[in-house]
Every structure is written in structure tokens, then in C-alpha cells.
Amino acid sequence: ADVVLYVNIRRKKIMIGDPVEINPSVGHGMKIMTVDEWSSRWKRNDDFPDCLNCGSKNTKEHHFNQTWCRGKKKFESEILCLDCHMFSWRSYSDPDFKMPEEYEKEKWQTMIDLQTEREAAAKAILP
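Positions within a chain are numbered from 1, following the residues in the order the chain's sequence is written. The predicted origin of the model limits local features to residues at a pLDDT of at least 70 and limits the giving and counting of side-chain atom pairs to 80 or more, whereas totals for whole chains, interfaces and linings rest on all residues. Only hydrogens and water are set aside when side-chain values are computed; all heavy atoms of the structure are taken into account.

In terms of strand pairing, strand β3 (residues 59-69) meets strand β4 (residues 72-81) through 10 bridges, oriented antiparallel. The partner of Gln66 across the bridge, within β4, is Phe75. One bridge is not enough; two strands pair if DSSP finds at least two bridges between them. Only DSSP runs of H or I covering at least 4 residues are called helices, and only runs of E covering at least 2 are called strands; the numbering of each starts at the N terminus. Connecting β3 to the antiparallel partner β4 that follows it, the hairpin turn spans 2 residues, and Arg70 within it adopts a positive phi of roughly 55 degrees. With 7 bridges connecting them, β4 and strand β5 (residues 87-93) associate as antiparallel partners. Within the sheet, the bridge partner assigned to Glu76 lies in β5 and is Ser91. Two successive antiparallel strands, β4 and β5, enclose a turn made up of 5 residues, where His85 displays a positive phi of approximately 60 degrees.

Next up on the list: the sheet that holds β3. Spatial strand order, β3-β4-β5: 3 strands in an open sheet with antiparallel pairing. Of all the strands in the sheet, the pair left with one neighbour each is β3 and β5. Mean inter-strand twist for the sheet, computed between neighbouring axes without regard to direction, equals 5 degrees. Every angle, taken between N-to-C directions, lies between 0 and 180 degrees, and every axis is a line fitted to C-alpha atoms, over only the stretch in contact when it is a helix.

This brings us to the nonpolar core. Residues belong to a common nonpolar core when they are buried Ala, Val, Leu, Ile, Met, Phe, Trp, Tyr or Cys residues joined through side-chain atoms within 4.5 Å. Three exposure classes are used, based on accessible area relative to the maximum for each residue type with a 1.4 Å probe and protein chains only: buried under 20%, partly exposed in between, and exposed over 50%. Formed by Val7, Ile14, Val20, Ile22, Met33, Val35, Trp38, Trp42, Leu80 and Leu82, the largest nonpolar core amounts to 10 residues. Elements represented by at least two residues in this core include exactly α1 (2-16) and α2 (35-38). Ignoring sequence-local partners within four residues, the contact set of Val7 consists of Trp38, His62 and Phe87. Residues are treated as being in contact if the distance between any of their heavy atoms lies within 4.5 Å.

This brings us to the packing of aromatic side chains. Here a pair means two rings of Phe, Tyr or Trp (six-membered ring of Trp) with centres within 6.5 Å. Their orientation is stacked below 30 degrees between planes, edge-to-face above 60, and tilted elsewhere. Summed over the entire model, instances satisfying the criterion amount to 4 aromatic pairs. Ring geometry for Phe48 against Phe75: centres 5.6 Å apart, planes inclined by 15 degrees, an arrangement best described as stacked. A residue pair is termed long-range when its members are at least 10 positions apart, and Phe48 in the loop between α2 and β3 and Phe75 in strand β4 qualify at 27 residues. Note on Phe75 and Tyr92: the rings are 6.3 Å apart at their centroids and 35 degrees apart in plane angle, and the pair reads as tilted. Of this pair, Phe75 sits in strand β4 while Tyr92 sits in strand β5, and the two are 17 residues apart along the sequence. Judged by its relative accessible area of 36%, Tyr92 falls in the partly exposed class. One aromatic cluster is present, formed by Phe48, Phe64, Phe75 and Tyr92 through successive ring pairs.

Remember that the coordinates give geometry; whether it matters functionally is a separate question.
Here's what the structure looks like:
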């Protein structure tokens, strides 16, 4: 959430012409940037190039995350339209996608439930 807030503040500053902090890999200090300059190091997303706001294909990818686990996938992508300056967000997750932690939790919960059933059955047998 903090990253989203930071990006939104930075985007607003760029849109109105206020100086923003320069990427440390490029230099230091503050600079007034254009949207093209700000997004110059981003790449295109050829899988989803369309802006969801205006339909333009003049977009650059700001954020992409993809996770594969046990043959199932989940991804999220955010692109910036260089024509209307709006962000488009897309995400997808296989219906039965689970992270490794969720598989482990289910495994342990099954073992606990089985042990509880065994203990209950043992108590029922004993007088």
C-alpha cells in the first residue's frame, strides 16, 4: 500500500510539473520530468498492450508479478498509457491456485483432524 501511495504522489507531481526525486541509478537530487522521461526505463507488455481507459497501444508496463506453484499460475500487471496517462490493472489466478504456505497449512490441518478423530474413536472404545 505504501508503494502505491508513493507512485500515486509521484505521478501527480509529474503531471503538474513539480520536481520529483531522481532514480538513484541515474543520478541524485530533484528534477522536473515528463511522463515519457519518467517511464523511459519501463518496457512494453506485448501480451496486454491495450489501455483499458482509451484503448491506445502506446503503453509501458509499470508493475508485473507472476507466480507459478504446482502447475498453477497467478499474475498481476499494471501498465501506464502514454496518451491518456492512466494506469490499467489486470490480474488472473487459476481457480485452485494456492501458495506453498496454503498447501502446508492444509496438510497440517488434515493431520490434526485425523489425530483428533483417532483420539475420539479411542475414547469411545474405552469404558
